[in-house]
Amino acid sequence: QYDASPSATTSTIPPVQAVSSDHPLIQLANEIIYAKSGFYSPYDSSVFAEDFVFRGPYIGPLNKMDYLQTMDTFGIYKALPDINPNAFGFSIDPKNE
């Protein structure tokens, strides 16, 4: 049976840690999404690891070369110059911070 008392849950569930939007990893994620991903702007191939793999619900897996070629072909940011990713809800694993 589940014990919902405070003494039973505080020792087993770690506290939620909110991260500021000014955190360097959050800033880096936003920079890549908004300015380097190839979807909302031209891509910067240097931000993708050589072993990068894109996996989507209908596309993929695409390795780095295939992904970048796909971004060149689609050119979404050219067709929709005012596109905005509206990315939010980033989190950081406290064990990897």
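Residues numbered from 1 in each chain as written. Predicted model: local features only at pLDDT ≥ 70, side-chain atom pairs only at ≥ 80, totals over all residues. Heavy atoms only, no water.

### Side note on the pattern of salt bridges
As a reminder of what qualifies: One side-chain nitrogen of Lys or Arg within 4 Å of one carboxyl oxygen of Asp or Glu is enough to make a salt bridge.
Tallying each qualifying case throughout the model produces 3 salt bridges. In this structure, the salt-bridge partner of Asp44 is Lys36, at a minimum N-O distance of 3.9 Å. In this structure, a network of salt bridges that share partners links the residues Glu31, Lys36 and Asp44.

### Focus: a nonpolar patch on the surface
This is how it is decided: Here the term patch refers to residues with relative accessible area over 30% and no salt bridge, with like charges joined within 9 Å and nonpolar side chains (Val, Leu, Ile, Met, Phe, Trp, Tyr) within 5 Å. The accessible surface values rely on the Shrake-Rupley method and a 1.4 Å probe; as for residues, cover is taken only from the protein chains in view. Helix and strand labels come from DSSP, where a helix needs a run of H or I of at least four residues and a strand needs a run of E of at least two; each type is numbered from the N terminus. Burial classification: accessible surface area is computed with a 1.4 Å probe over protein chains only, and a residue below 20% of its type maximum counts as buried, one above 50% as exposed, and the rest as partly exposed.
A cluster of nonpolar side chains, contributed by Phe54, Tyr58, Ile59 and Phe74, occupies part of the molecular surface with about 460 Å² of accessible area. Among the secondary structure elements, Phe74 is positioned in helix α3 (residues 64–74). Looking at Phe74, the relative accessible area reads 44%, which means it is partly exposed.

### What to know about the environment of Lys78
Structurally, Lys78 can be placed in helix α4 (residues 76–79). In sequence terms Lys78 and Tyr40 are 38 residues apart; their C-alpha atoms lie 8.7 Å from each other.

### So, α3
For an α-helix the count is 3.6 residues per turn, leaving residues at separations of three or four pointing the same way. Here is the rule we go by: Picture the helix axis, draw a direction to every C-beta atom, and the arc is the one those directions span. Contacts between residues were defined by any pair of non-hydrogen atoms, one from each residue, lying within 4.5 Å. Within 3.5 Å is the distance limit for a polar contact, defined as a pair of N or O atoms, with the added protein rule that one can donate a hydrogen and the other accept it, and that residues adjacent in sequence qualify only through two side-chain atoms.
Here α3 has its buried residues at Lys64, Tyr67, Leu68, Thr70 and Met71. Projected down its long axis, α3 shows its buried positions confined to an angular sector of 155°, all on one face. Of the exposed residues in α3, the ones pointing more than 90 degrees away from its buried face are Met65 and Thr73. Lining the buried residues of α3 we find β1 (53–54) and β2 (62–63). Its side-chain oxygen at 3.2 Å from the backbone nitrogen of Met65, Asn63 defines the N-terminal cap of α3. Trailing α3 by a residue or two, Gly75 shows a phi angle of about 50°, which is positive.

### A short note on the packing of aromatic side chains
When we look at a pair of aromatic rings, we describe it by the centre distance and by the angle of the planes. Just so we agree on the cut-off: For this analysis, a ring pair means two rings from Phe, Tyr or Trp (six-membered ring only for Trp) whose centres lie within 6.5 Å, classed as stacked if their planes differ by under 30 degrees, edge-to-face if by over 60, and tilted for the remaining angles.
What the rule picks out here adds up to 5 aromatic pairs. With centroids separated by 5.0 Å and ring planes inclined at 70°, the aromatic side chains of Phe39 and Tyr40 adopt a geometry described as edge-to-face. Overall, the relative accessible area of 25% leaves Tyr40 in the partly exposed class. Ring geometry for Phe48 against Tyr67: centres 5.3 Å apart, planes inclined by 50°, an arrangement best described as tilted. On the criterion of sequence distance, the pair formed by Phe48 in the loop between α2 (24–35) and β1 and Tyr67 in helix α3 is long-range, its members being 19 residues apart.

### Focus on the side chain of Lys64
Along the chain, the position of Lys64 falls in helix α3. At 3.1 Å, the side chain of Lys64 forms a polar contact with the backbone oxygen of Ser45. Excluding its chain neighbours within four sequence positions, the residues that come into contact with Lys64 are Ser45, Phe48, Ala49, Glu50 and Phe52.

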